[in-house]
Amino acid sequence: MKAAVAYAANAPLKIEDVDVATPGPREVLVKLMASGVCHSDWHILKGEWGDALFPAILGHEGAGVVQSVGDGVTRLKAGDHVILAWRTSCGICEMCQRGFPVLCTASPVAASRPRLAGSGSTLGAAAGLGTFAGYALVPEIAAVLIDADIPFAQAALLGCGVMTGVGAAINTAQVRPGATCAVFGCGGVGLNVIQGCAIAGADMIIAVDMLDNKLDMSRNFGATHLVNASRGDPVQQILDLTHGLGVHYAFEAIGLVPEPFLQSVLCTRRRGVTTWVGHAPLNTPVTIDARALMQEKTIIASMYGSARPHIDFPRLLGLYRDGKLKLDELITRRFELADVNEAFEVLKRGEVARSVLDLETVG
Ligand SMILES: [Zn+2]
Ligand SMILES: [Zn+2]
């Protein structure tokens, strides 16, 4: 199959022929139809999460059609439409049994055999998936069955950005109706935190970004107030908008530099809950005065929107059908696999909510 492979930090991806193993027990081979281009792929490409990840097929936000299944797979069959989930779970460990499968301590992907090979070497796959490719070979549990009438591009976005953002608001923070929220960062994940807050019934949703075009986008997803952090201290602007009280819930959805992590704590009111969603580069220390939390404030991090993929993906698609979850509006650009490097350029320039690679014709 063709795939976009990252060999080193900051080098362009190469489109290559890659060998894929046949499905083993409890594995499924998925013909990929669409993949979102997520910020996390860019983090990997910049080397921010370490060099050990190279070489790898990037991409972890995919949807497609089951091509074939290995022994013991009874839940899926060829022809089924699926969204891929980038965290797998064993079902048995403490976190799985408590209902937090994305925190599984025995993820089967890590233990699986080499599945991909190109240019004479074994390849990794971003988040165990590698969706910038014609196919993905994944554990059965990573493929979530969906209705066949959902368009693939929209479905793919649920696999990471939508789940991560909406899930941070409704699963992790559990935003309450009538709440006041602030969301730092209006990229693919931040816009979804905003619409998650809106779905949860928040009254006031303050979008914070440095770029006016992204702030404009945030209005479509439910932002009620806009704060441009390049024009004055965003914490003060949020306090001004909330009669000096601060917000009930704040979210950091950037994950690049320390400041917004700190600001997302300082802008909350007493008993405020701050949820860190952005995946920061390795070694990003956030320095905070210990007293800043003393008014019974909470900081929690959200992993993959506290997803329970086999529950949450169908539930979110139900909200999409009802017109309550915006997916069409997230797709700003579409690219062929061969133009994947251009997709990273527009992401870098902050021009898009999401770019989607169309993979239907990629063999
Ligand atoms: Zn992602
Ligand atoms: Zn587990």
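Residues numbered from 1 in each chain as written. Chains lettered and ligands numbered in written order. Predicted model: local features only at pLDDT ≥ 70, side-chain atom pairs only at ≥ 80, totals over all residues. Heavy atoms only, no water.

## Some details on the coordination of the zinc ion (ligand 1)
At 2.0 to 2.1 Å from the zinc ion (ligand 1) lie its protein donor atoms, namely Cys38 (SG), His60 (NE2) and Cys160 (SG). Read N to C, the donor residues that coordinate the zinc ion (ligand 1) are spaced as C-x21-H-x99-C. Pair noted here: Cys38 is in the loop between strand S4 (27-37) and helix H1 (39-45) and Cys160 is in helix H4 (residues 152-172), with a separation of 122 residues, a long-range link. The buried category is assigned to Cys38, whose relative accessible area is 2%. (Donors = N, O, S within 2.8 Å, 3.2 Å for Na, K, Ca; no water. Helix = DSSP H or I, 4+ residues; strand = E, 2+ residues; numbered from the N terminus. Buried < 20%, exposed > 50% of the residue type's maximum accessible area, 1.4 Å probe, protein only.)

## Here's the deal with unusual backbone geometry
The omega torsion across Phe54 and Pro55 is -10°, close enough to zero to call that bond cis. With respect to the helices, strands and loops of the structure, Pro55 is situated in the loop between H1 and strand S5 (56-57). Here Ala127, not a glycine, exhibits a phi torsion of approximately 55°, which is positive. Looking at Ala127, the relative accessible area reads 37%, which means it is partly exposed.

## Re the domain arrangement of the protein chain
Its domain assignment divides the protein chain into domain 1 (2-161 + 306-358) and domain 2 (174-301). For domain 1 and domain 2, the distance between their C-alpha centroids amounts to 28 Å. The interface is formed by 17 residues belonging to domain 1 together with 18 residues belonging to domain 2. Taking both sides of the interface into account, the surface hidden between domain 1 and domain 2 amounts to around 1,500 Å²; carbon and sulfur atoms contribute 63%. Area buried by domain 1 at its contact with domain 2 is led by Trp49, Lys326 and Leu330, which between them contribute 26% of it. Between the two partners, domain 1 and domain 2, sit 0 salt bridges. The interface formed by domain 1 and domain 2 holds 4 residue pairs in polar contact (both at pLDDT 80 or more) in total. A per-class count over the side of domain 1 that touches domain 2 returns 6 nonpolar, 4 polar and 7 charged. (Domains from an automatic or database assignment. Contact = heavy atoms within 4.5 Å. Buried area = accessible area lost by both parts, 1.4 Å probe. Salt bridge = Lys/Arg side-chain N within 4 Å of Asp/Glu carboxyl O. Polar contact = N/O pair within 3.5 Å; in protein donor to acceptor, adjacent residues only side chain to side chain. Nonpolar A, V, L, I, M, F, W, Y, C, P; charged D, E, K, R; others polar.)

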